[in-house]
Amino acid sequence: MGLFKRKKDKRIEDISNWARDYLEERRHRASEAERSGDVEAVTTVIAAQDVVQEIALPQEIVEAPAAALQMEGVEGIEEDVTMSVLVEEVSADQEAAVEEAAPPGVEVPIAEEPPVEVEPQAVLEEAPIKPTLFQRLRSGLTKTREGLVGRMDQLFSLGHKIDSDTLEELEEILIESDMGVQQSLSLIQKIQEEVQDLQDPEKIKAYIRQEMTGILQTNGYALNRPDQGPYVIMVVGVNGVGKTTTIGKLAWRYVQQGEQVLLAAGDTFRAAATEQLEIWGGRVGADVVKHKSGADPSAVVFDALKAAQSRGTQVVIADTAGRLHTKINLMEELKKMKRVMAKVIPGAPHEILLVLDATTGQNALSQAKTFHEAIGVTGIVLTKLDGTAKGGIVTAIVGELGLPVKLIGIGEGMEDLRDFEPEEFVGALFDE
């Protein structure tokens, strides 16, 4: 038995010495491969090292069968010690690495392939929820809401008794939101006469909301359209209020509904006005009728309406000058354009929309008076409501002039030119 044990110990020692030498050589080869950038070679060397490290550990070598080791008194046993190894199914790359690493006649364990780490399933980000039309309206009216309802809430939150001084402060808030002096005075007077419990702020707010809605619903606020023939819209307003942009967005609306739209470049006096309208036409898919710069605007409108009749175009939107650089009076020029439209298509224009910039406040009210007296405006387009705290001008225009607001602009997007709905508008100001 002593001879058997010596043979076995000697074999383990030989294998361990070989393994240490081999590992040293492989480390050197791995360093060389890494420096050369040979990733595949580095991977092969590391796999072989993993196998040899297991060989180099004596406790990893499976002892000879117990029956052979228990043969007491037996001398000169020459048979080799067999190392039993459980071999798992391995890849071709691992087999090649092991064959290269193992010495002849030695059966070695195959390094198990490390478990594949499964990446946790990525959490898909939910697509942002598109805001509703009401949410966009409410967002666009943020400054007006803060300037009117927000200040009212601050006034009532002080906890003081609601007396004449409090009502004076409320009147000041209404006036500063551009609801108009007469409108504001009348509203405060009605509150004093009709609100039963003046110490209840919610009842006062509810009454103001009710009155605003009533004023805005006084006149028809829907766009007028004929039953047949081209629908002709004449768009007027001073330069800088967003007139051309409004025309482009309005054209986009009708194109989206599957209708043919023709734009008449009637602002022949402002530099680049025609080019700007052409850009909008190309963007939304509408044709543009134009003349050279400085041409008679009425001639442009005449040609546009004739073209619409011959092509069967459903909608014609005519741009107009906001200021003339000649001795011709602006209002007289607009009147002439209106007469030409009526001659070509009886009943045209079906809408005369005045574009006003909400940020100009009472100045917008003055513009509305002037244009309405000259050509008979049928409706107001109030732009840039998202940029002002003075959205109360809507109430002033309707209440003092009797002109309906038909469209409002609450943002830069195409869909942000909205039909005006009184209840929705007031709700966006007062609702939480």
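Residues numbered from 1 in each chain as written. Predicted model: local features only at pLDDT ≥ 70, side-chain atom pairs only at ≥ 80, totals over all residues. Heavy atoms only, no water.

### Re the overall build of the protein
Right, on to step 1. When its secondary structure is counted, the protein shows 16 helices and 8 strands.
Right, on to step 2. When the 432 residues of the protein are sorted by exposure, 44% land in the buried category.
Right, on to step 3. Contacts in the protein between residues far apart in sequence, at least 24 positions, make up 74% of those at least 6 positions apart. (Helix = DSSP H or I, 4+ residues; strand = E, 2+ residues; numbered from the N terminus. Buried < 20%, exposed > 50% of the residue type's maximum accessible area, 1.4 Å probe, protein only. Contact = heavy atoms within 4.5 Å.)

### Regarding the packing of helix α13 (residues 330-344) against helix α14 (residues 362-375)
Right, on to step 1. At their nearest, the axes of α13 and α14 sit 9 Å apart, and the two run at 45° to each other. One way to sum up the angle between α13 and α14 is to call them oblique. Seen from above, α13 lies across α14 with right-handed handedness. On α14, the residues that touch Leu330, Met331, Leu334, Lys335 and Lys338 of α13 are Thr370, Phe371, Ala374 and Ile375. (Axes fitted to C-alpha atoms, helices over the stretch in contact; angles between N-to-C directions. Parallel < 35°, antiparallel > 145°, perpendicular 65-115°, else oblique. Left-handed = near helix turned anticlockwise from the far one by under 90°.)

### Considering the side chain of threonine 268
Right, on to step 1. Examined against the element boundaries, threonine 268 turns out to sit in the loop between β2 (261-264) and α11 (273-284).
Right, on to step 2. Polar side-chain contacts of threonine 268 include one of 2.7 Å to the backbone oxygen of alanine 295.
Right, on to step 3. Once residues within four sequence positions are removed from consideration, threonine 268 is found in contact with Lys292, Ser293, Gly294, Ala295, Pro297 and Val300. (Polar contact = N/O pair within 3.5 Å; in protein donor to acceptor, adjacent residues only side chain to side chain.)

### Description of unusual backbone geometry
Right, on to step 1. Omega for the bond connecting alanine 348 with proline 349 falls within 30 degrees of zero, at -5°, which places this linkage in the cis form.
Right, on to step 2. Its place among the elements puts proline 349 in the loop between α13 and β5 (351-357).
Right, on to step 3. The backbone of aspartate 178 shows a phi angle near 70°, a positive value even though the residue is not glycine.
Right, on to step 4. Mapped onto the elements of the fold, aspartate 178 is located in the loop between α7 (164-176) and α8 (181-194).

### Observations concerning the packing of aromatic side chains
Right, on to step 1. In this structure the tally under the stated criterion is 2 aromatic pairs.
Right, on to step 2. Each ring, one from tyrosine 231 and one from tyrosine 254, has its centre 6.1 Å from the other, and the planes form 90°; the classification is edge-to-face. Separated by 23 residues along the polypeptide, tyrosine 231 in strand β1 (residues 231-236) and tyrosine 254 in helix α10 (residues 243-256) bring together distant segments of the chain.
Right, on to step 3. Under the relative-accessibility criterion, tyrosine 254 is labelled buried at 6%.
Right, on to step 4. Directly above the aromatic system of tryptophan 280 lies the positively charged group of arginine 283, at a separation of 4.5 Å from the ring centroid. (Phe/Tyr/Trp six-rings, centres within 6.5 Å; stacked < 30°, edge-to-face > 60°. Lys NZ or Arg CZ within 6 Å of the ring centre and 35° of its normal.)

### Thoughts on the pattern of salt bridges
Right, on to step 1. Taken as a whole and judged by the stated rule, the model has 16 salt bridges.
Right, on to step 2. The shortest N-O distance in the salt bridge between lysine 243 and aspartate 319 comes to 3.2 Å. Note that lysine 243 is positioned in helix α10 and aspartate 319 in the loop between β4 (315-318) and α13, a separation of 76 residues in sequence. (Salt bridge = Lys/Arg side-chain N within 4 Å of Asp/Glu carboxyl O.)

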